[in-house]
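Here are the chains, one letter per residue:
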Amino acid sequence: MVMKMNKEKFVEKLSKELNYSLKQCTLINEILENNFIISRKSKDAIINELISQLDVDINEADNIYNASVSIITSEIKEKLKHPFKSQD
């Protein structure tokens, strides 16, 4: 069983947390989907992609990465607490 978050829900949460447009957050989501988010090597690759594609500095890219990981991990924890809850 693969636990995954609805992309639109993730993009909306990210947009609210970072005050970025939905278009920018969709791009962030694509970058995250193209990389394995857990490893350190991937974190560096994700941050470099965020810097180049969103034209942000390293601190802002790190902030985006951390906010994304926070949303994803909170969603995973919620799914673990309530495994039979609807996954719409």
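Above this note sits the structure.
Keep in mind that what you see is a predicted model, and the values were worked out from it rather than measured.

### Things to note about the overall build of the protein
Line of reasoning, step 1. Helix and strand counts for the protein stand at four helices and zero strands.
Line of reasoning, step 2. Expressed as a percentage of its 88 residues, the buried residues of the protein come to 33%.
Line of reasoning, step 3. Put simply, of all contacts in the protein between residues at least 6 apart along the chain, 44% involve residues at least 24 apart.
Line of reasoning, step 4. Here the protein displays about 6200 Å² of accessible surface, and carbon together with sulfur accounts for 53% of that area.

### Concerning the packing of helix α1 (residues 7-18) against helix α2 (residues 22-33)
Line of reasoning, step 1. Look at α1 against α2: their axes get within 9 Å of each other, and the N-to-C directions meet at 120 degrees. Looking at the two axes, α1 sits oblique to α2. The element α1 and its partner α2 pack so that their crossing is right-handed. Between α1, through Lys 7, Phe 10, Val 11, Glu 12, Leu 14, Ser 15 and Leu 18, and α2, the contact on the second element is made entirely by Leu 22, Cys 25, Thr 26, Ile 28, Asn 29, Leu 32 and Glu 33.
Line of reasoning, step 2. Split into classes, the residues belonging to the contact of α1 with α2 amount to eight nonpolar, three polar and three charged.

### What about the pattern of salt bridges?
Line of reasoning, step 1. Applying the stated criterion across every chain yields a total of four salt bridges.
Line of reasoning, step 2. Here Lys 9 makes a salt bridge to Glu 75, at a shortest N to O gap of 3.5 Å. Taken as a pair, Lys 9 in helix α1 and Glu 75 in helix α4 (residues 58-81) lie far apart in primary sequence, 66 residues in all.
Line of reasoning, step 3. The partly exposed category is assigned to Lys 9, whose relative accessible area is 35%.
Line of reasoning, step 4. Of the charged contacts, one joins Lys 13 and Glu 75 as a salt bridge, the two residues approaching to 3.5 Å between their closest N and O atoms. Of this pair, Lys 13 sits in helix α1 while Glu 75 sits in helix α4, and the two are 62 residues apart along the sequence.
Line of reasoning, step 5. The class of Glu 75 is buried, set by a relative accessible area of 9%.

Conventions adopted
Per chain, the residues get numbers from 1 upward, laid out in the order the sequence is written. With the structure being a predicted model, the display of local features is reserved for residues of pLDDT at least 70 and the display and counting of side-chain atom pairs for 80 or more, all residues being used for whole-chain, interface and lining totals. Only hydrogens and water are set aside when side-chain values are computed; all heavy atoms of the structure are taken into account. Under the scheme used here, helices are H or I runs from DSSP no shorter than 4 residues and strands are E runs no shorter than 2 residues, and both carry numbers assigned from the N terminus. Buried residues are those whose accessible area, probed at 1.4 Å on protein chains only, stays under 20% of the maximum for their type, while exposed residues exceed 50% and partly exposed ones sit between those limits. We call two residues in contact whenever any of their non-hydrogen atoms come within 4.5 Å of each other. Methods summary: accessible areas were calculated by the Shrake-Rupley approach with a probe of 1.4 Å, and residue burial reflects only the protein chains presented. Fitted lines through C-alpha atoms serve as axes, helices being fitted only where they are in contact, and the angles separating the N-to-C directions of these axes extend from 0 to 180 degrees. Roughly parallel refers to an angle under 35 degrees, roughly antiparallel to one over 145, roughly perpendicular to one between 65 and 115, and oblique to any angle outside these ranges. Should the near helix be turned counterclockwise from the far one by less than a right angle, the crossing is left-handed, whereas a clockwise turn marks it as right-handed. Following the grouping adopted for this structure description, the nonpolar residues are Ala, Val, Leu, Ile, Met, Phe, Trp, Tyr, Cys and Pro, the charged ones are Asp, Glu, Lys and Arg, and the polar ones are all others, Gly among them. Any Lys or Arg side-chain nitrogen located within 4 Å of an Asp or Glu carboxyl oxygen qualifies as a salt bridge.

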